[in-house]
Amino acid sequence: VNCTSLLAVYFPNSRLRIGDGAFHRCHSLISAELPPTVQAHDGAFERCRTLELRQPQVEYIQRSRESIRYLQIRNDGLPIHKICRDINITLDQLLSTITNNNNINHALQQRDELGMTALHLLCLNPKATPE
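Cut-off values and rules
- Here the residue numbering is sequential within each chain, running from 1 through the sequence in written order.
- Local features in this predicted model are restricted to residues of pLDDT 70 or higher, and side-chain atom pairs are both shown and tallied only at a pLDDT of 80 or more, whereas totals for entire chains, interfaces and linings draw on every residue.
- Heavy atoms from the whole structure form the basis of all side-chain values; hydrogens and water molecules are not counted.
- Counting from the N terminus, the helices are the DSSP runs of H or I reaching at least four residues and the strands are the DSSP runs of E reaching at least two.
- Note on exposure labels: buried denotes an accessible area under 20% of the residue type's maximum, exposed denotes more than 50%, and partly exposed covers the range between, all computed with a 1.4 Å probe on protein chains only.
- Any two residues whose heavy atoms approach within 4.5 Å at even a single point are treated as in contact.
- Reported accessibility uses the Shrake-Rupley method at a 1.4 Å probe radius. Residues are deemed covered only where the shown protein chains occlude them.
- The aromatic pairing rule takes the rings of Phe, Tyr and Trp, using the six-membered ring of Trp, and pairs them if the centres are within 6.5 Å, calling planes under 30 degrees apart stacked, those over 60 edge-to-face and the rest tilted.
- Nonpolar cores are built from buried Ala, Val, Leu, Ile, Met, Phe, Trp, Tyr and Cys residues. Side-chain atoms within 4.5 Å join them into one set.
- In short, DSSP must find at least two bridges between two strands for them to pair.
- The angle between two axes is taken between their N-to-C directions and runs from 0 to 180 degrees, where each axis is a line fitted to C-alpha atoms and a helix contributes only its stretch in contact.
- The rule for a disulfide is simple: a pair of cysteine sulfur atoms within 2.5 Å.

Caption draft 1: Spotlight on the overall build of the chain. Regarding its fold elements, the chain presents five helices and five strands. Element order for the chain, N to C, with α for helix and β for strand: β-β-β-β-β-α-α-α-α-α. Within the chain, the proportion of its 131 residues that are buried is 27%. At a minimum sequence separation of 6, the contacts of the chain that also span at least 24 residues come to 33%. For the chain, the accessible area works out to roughly 9300 Å², and carbon and sulfur atoms hold 52% of it.

Caption draft 2: Geometry of the packing of aromatic side chains. Under the counting rule described, the total for this entry stands at two aromatic pairs. Ring geometry for Phe 23 and Phe 45: centres 5.0 Å apart, planes at 5°, overall stacked. With Phe 23 in the loop between strand E2 (16-18) and strand E3 (31-33) and Phe 45 in the loop between strand E4 (38-40) and strand E5 (52-54), this pair connects stretches of sequence that are 22 residues apart. These aromatic residues form a ring-pair network of at least three members: Phe 11, Phe 23 and Phe 45.

Caption draft 3: Region of interest: the nonpolar core. With 13 residues, the main nonpolar core has Phe 11, Ile 18, Phe 23, Leu 29 and Phe 45 as its most contacted residues. Once you skip the residues sitting within four places of it in the chain, Leu 29 turns out to touch Leu 6, Leu 7, Ala 8, Val 9, Phe 23, Phe 45, Cys 48, Thr 50 and Leu 51. Judged by nonpolar contacts, the second largest core, of nine residues, contains Ile 80, Ile 89, Leu 94 and Met 116.

Caption draft 4: Quick peek at unusual backbone geometry. Here Arg 25, not a glycine, exhibits a phi torsion of approximately 60°, which is positive. In this structure, Arg 25 sits in the loop between E2 and E3. Overall, the relative accessible area of 32% leaves Arg 25 in the partly exposed class.

Caption draft 5: Looking closely at the sheet that holds E5. Here we have three strands laid out as an open sheet, ordered E1-E3-E5, and parallel in their pairing. Where the open sheet ends on each side, the last strands, each with one partner, are strand E1 (8-10) and E5. Neighbour-to-neighbour, the strand axes of this sheet turn through a mean angle of 10°, independent of strand direction. Judged from the three bridges that link them, E1 and E3 form a sheet pairing that is parallel. By the bridge assignment for E3, Ala 8 is matched with Ser 31.

Caption draft 6: Fine view of the state of the cysteines. For the structure on display, the rule yields zero disulfides. Cys 26 supplies the cysteine sulfur nearest to Cys 48, a cysteine that is in no disulfide, at a spacing of 5.1 Å. Take Cys 48: its relative accessible area is 9%, and that puts it in the buried class.

Caption draft 7: Focus on the environment of Ala 8. With respect to the helices, strands and loops of the structure, Ala 8 is situated in strand E1. In the structure, Ala 8 is positioned 21 residues away from Leu 29 in sequence and 5.7 Å away in space, judged by C-alpha atoms. Excluding anything up to four places from it in sequence, Ala 8 contacts Leu 29 and Ser 31.

In short, the description is geometric, and any link to function would need to be established separately.
What follows is the structure in structure tokens.
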């Protein structure tokens, strides 16, 4: 409480609880990094004016969601790309989509804005089998 020289705190990746007011008015505190196993009471860092509280696991999950959304938007106009990206795709669904596409050669050769073809996406799909 009322720290005047503490600049940063890093907590180990262990089950730990930080109580209410633990760092209350630590005006010198600039950075605190909390792994997902550490629970901090809402008032643990109250009135720490310059604090940047980091939660790496939460930040990683948010970036992953943003990346997935970007991929979804990127392939909206490319139906074969879209289906190859789908992790729940079955071989029958893929074959059905391909055979129902009138201009399959063109569709398979199309590249998205990063230059990836549908085959690239299918190869990146973790559930795709070598069938």
